[in-house]
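Here are the chains, one letter per residue:
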Amino acid sequence: MIRLSNDEIAFFKREGYLIKRNVLDPDLMEQARTRLWEGAPPTLDRYNPESWVGPFKKEEECEDTKNRRSGFRWNFREPGGEDWMVQLLATDPNVWGMAEQFLGEGNLVAADRIRGIYCILPYGDEPERPTTCHVDAHPFHLGVVGYIDHVLPGGGGFTVWPGSHRKFYYDFHSQYKNEQTKQYDKDREFFNQQPYVECHGGPGDIVFWHHRIGHAAGHNHSKQIRQAVLYDFRKKDIEQTMEEPPCEDMWRDWDGIHGLRGGG
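Note that the coordinates shown come from a computational prediction; the quantities given were computed from them, not determined experimentally.

What counts, and where the lines are drawn
Residues numbered from 1 in each chain as written. Predicted model: local features only at pLDDT ≥ 70, side-chain atom pairs only at ≥ 80, totals over all residues. Heavy atoms only, no water. Pairing = 2+ DSSP bridges. Helix = DSSP H or I, 4+ residues; strand = E, 2+ residues; numbered from the N terminus. Axes fitted to C-alpha atoms, helices over the stretch in contact; angles between N-to-C directions. Contact = heavy atoms within 4.5 Å. Phe/Tyr/Trp six-rings, centres within 6.5 Å; stacked < 30°, edge-to-face > 60°. Buried < 20%, exposed > 50% of the residue type's maximum accessible area, 1.4 Å probe, protein only. Lys NZ or Arg CZ within 6 Å of the ring centre and 35° of its normal. 1 Å grid on protein atoms, 1.4 Å probe; cavity = no way out; pocket = protein on both sides within 12 Å on 5 of 7 lines; lining within 4 Å. Points joined across faces, edges and corners; volume = space filled by probe spheres on them. Nonpolar A, V, L, I, M, F, W, Y, C, P; charged D, E, K, R; others polar. Polar contact = N/O pair within 3.5 Å; in protein donor to acceptor, adjacent residues only side chain to side chain. Core = buried A, V, L, I, M, F, W, Y, C linked by side-chain atoms within 4.5 Å.

Peer 1: Talk me through the sheet that holds strand S1 (residues 17-20); I want residue IDs and the actual numbers.
Peer 2: Taken in spatial order, the seven strands make up an open sheet running S1-S8-S5-S10-S4-S3-S2, and their pairing is antiparallel. The open sheet is flanked by S1 and strand S2 (67-70), the only strands paired with a single partner. Taken pair by pair, the neighbouring strands of this sheet meet at an average axis angle of 20 degrees, ignoring direction. Bridge count between strand S3 (residues 73-76) and strand S4 (residues 116-120): four bridges; the pairing is antiparallel. Each residue of the ladder has a partner; that of Arg73, found in S4, is Ile120. Against the sheet, helix H4 (residues 93-103) engages S1, strand S5 (142-147), strand S8 (206-210) and strand S10 (226-233), with an angle of about 25 degrees to S8.

Put into structure tokens, the structure is as follows:
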């Protein structure tokens, strides 16, 4: 069983994210990759990398939220509720166990689906564009991104602005809902001028992230399709706590972090 060390929990507390390597099940990752290609448009050939370069052709774009394709983005949500897909990420014993280290044993809402497989096509000759952060709008506590294939440097990896969670947490009128104060835009402008970390890695690597950290999907200048699975952990009491104002101790609801010395 993979467990978090106190140093890793302190790093997450301070930086707002944590990378763990070689966590996910190889057989389930292969099943996910195969399932992804079942949802691909005809011109994308799994065995021809030259066919992967975006953007999607107009006739292959799709507004169906179960298999949304537009520009360089491909969000394949359709298999997100299939049992094996939930087992790949959310209920993987290692992932679930580490999430409980953050939020407390027995506190997590049962997982019945994940977001799905989120892809970014290679940009090809697309010019460089600025990387800017945002904070997610829906209520949850702890996010996790899992890579089911190689994500190279510059390959569209999940990108974070370290430490920004400690600012953004107080830029909302409530702990978990999307009710921004006027300070949010000011802090977002500030962090967009600060260094960020692109989390690249290999199949099976995961990234835990705090729900208020500034983040973005990186730009994909590699020759690989960025393939990631995502899930949002929530505590059972989120219905009661999500409208409460931000706490002086932002870690009050995090049983594994609350009271931990160090880490900010």
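Peer 1: An account of the packing of aromatic side chains is needed here, citing residue identities and associated values.
Peer 2: Tallied over the full model, the rule gives 22 aromatic pairs. Pairing Phe168 with Tyr184 gives two aromatic rings, centres 5.4 Å apart and planes at 45 degrees, and the pair type is tilted. Note that Phe168 is positioned in helix H5 (residues 165-168) and Tyr184 in helix H6 (residues 183-191), a separation of 16 residues in sequence. In this structure Tyr184 comes out as buried when scored by relative accessible area, which is 4%. Geometrically, the ring pair formed by Phe172 and Tyr184 is edge-to-face, given 5.5 Å between the ring centres and 65 degrees between the ring planes. In this pair, Phe172 is assigned in the loop between H5 and H6 and Tyr184 in helix H6, connecting sequence segments twelve residues apart. In terms of burial, Phe172 and Tyr184 fall into one category: buried. Aromatic rings pair up to connect Phe12, Phe102, Phe208, Trp251 and Trp254 into one cluster. If you follow Arg212 out to its NZ or CZ, it ends over the ring of Phe172, 3.7 Å from the centre.

Peer 1: Explain the layout of surface pockets to me, and be specific about the residues and the numbers.
Peer 2: As a volume, the largest pocket reaches approximately 400 Å³. What lines the largest pocket is a set of 21 residues, and nearest its centre among them are Arg73, His134, His215, Ala216 and Ala217. Elements that contribute at least two residues to the lining of the largest pocket include exactly S3, S4, strand S9 (215-217) and S10. Its residues placed into classes, the lining of the largest pocket shows ten nonpolar, seven polar and four charged.

Peer 1: Now, about H4: what can you tell me, with residues and values included?
Peer 2: Along H4, nine of the eleven residues are buried, which leaves the element largely enclosed by surrounding structure. Within the sequence span of H4, burial applies to Asn94, Val95, Gly97, Met98, Ala99, Glu100, Gln101, Phe102 and Leu103. Residues of H4 that are buried in the fold lie against helix H1 (6-15), S1, S5, S8 and S10. Two or three places before Asn94, at the start of H4, stands the capping residue Asp92, its side-chain oxygen 2.9 Å from that residue's backbone nitrogen. Directly after H4, the chain includes Gly104, whose backbone phi takes a positive value near 105 degrees.

Peer 1: Describe the sheet that holds strand S6 (residues 158-160), naming the residues involved and giving the relevant values.
Peer 2: Pairing between the strands of a sheet comes from backbone hydrogen bonds, and it takes one of two forms, parallel or antiparallel. In space, the three strands of this open sheet follow the order S7-S6-S9, with antiparallel pairing throughout. Whereas interior strands pair on both sides, the edge strands pair on one side only; in this sheet they are strand S7 (197-199) and S9. Within this sheet the neighbouring strands show an average axis-to-axis angle of 25 degrees, counted without direction. Bridge count for S6 against S9 is three bridges, and the pairing is antiparallel. From the neighbouring strand, Phe158 faces S9, where its bridge partner is Ala217.

Peer 1: So what about the nonpolar core? Which residues, and what values?
Peer 2: Residues Phe12, Leu88, Phe102, Ile117, Leu142, Phe208 and Phe233 are the most contacted members of the largest nonpolar core, which totals 52 residues. Residue contacts for Leu88: discarding those within four places in its chain leaves Leu24, Asp25, Leu28, Met29, Ala32, Ile148 and Val229. One finds Tyr17, Val151, Cys199 and Ala228 within the second-largest nonpolar core, a separate group that totals 14 residues.

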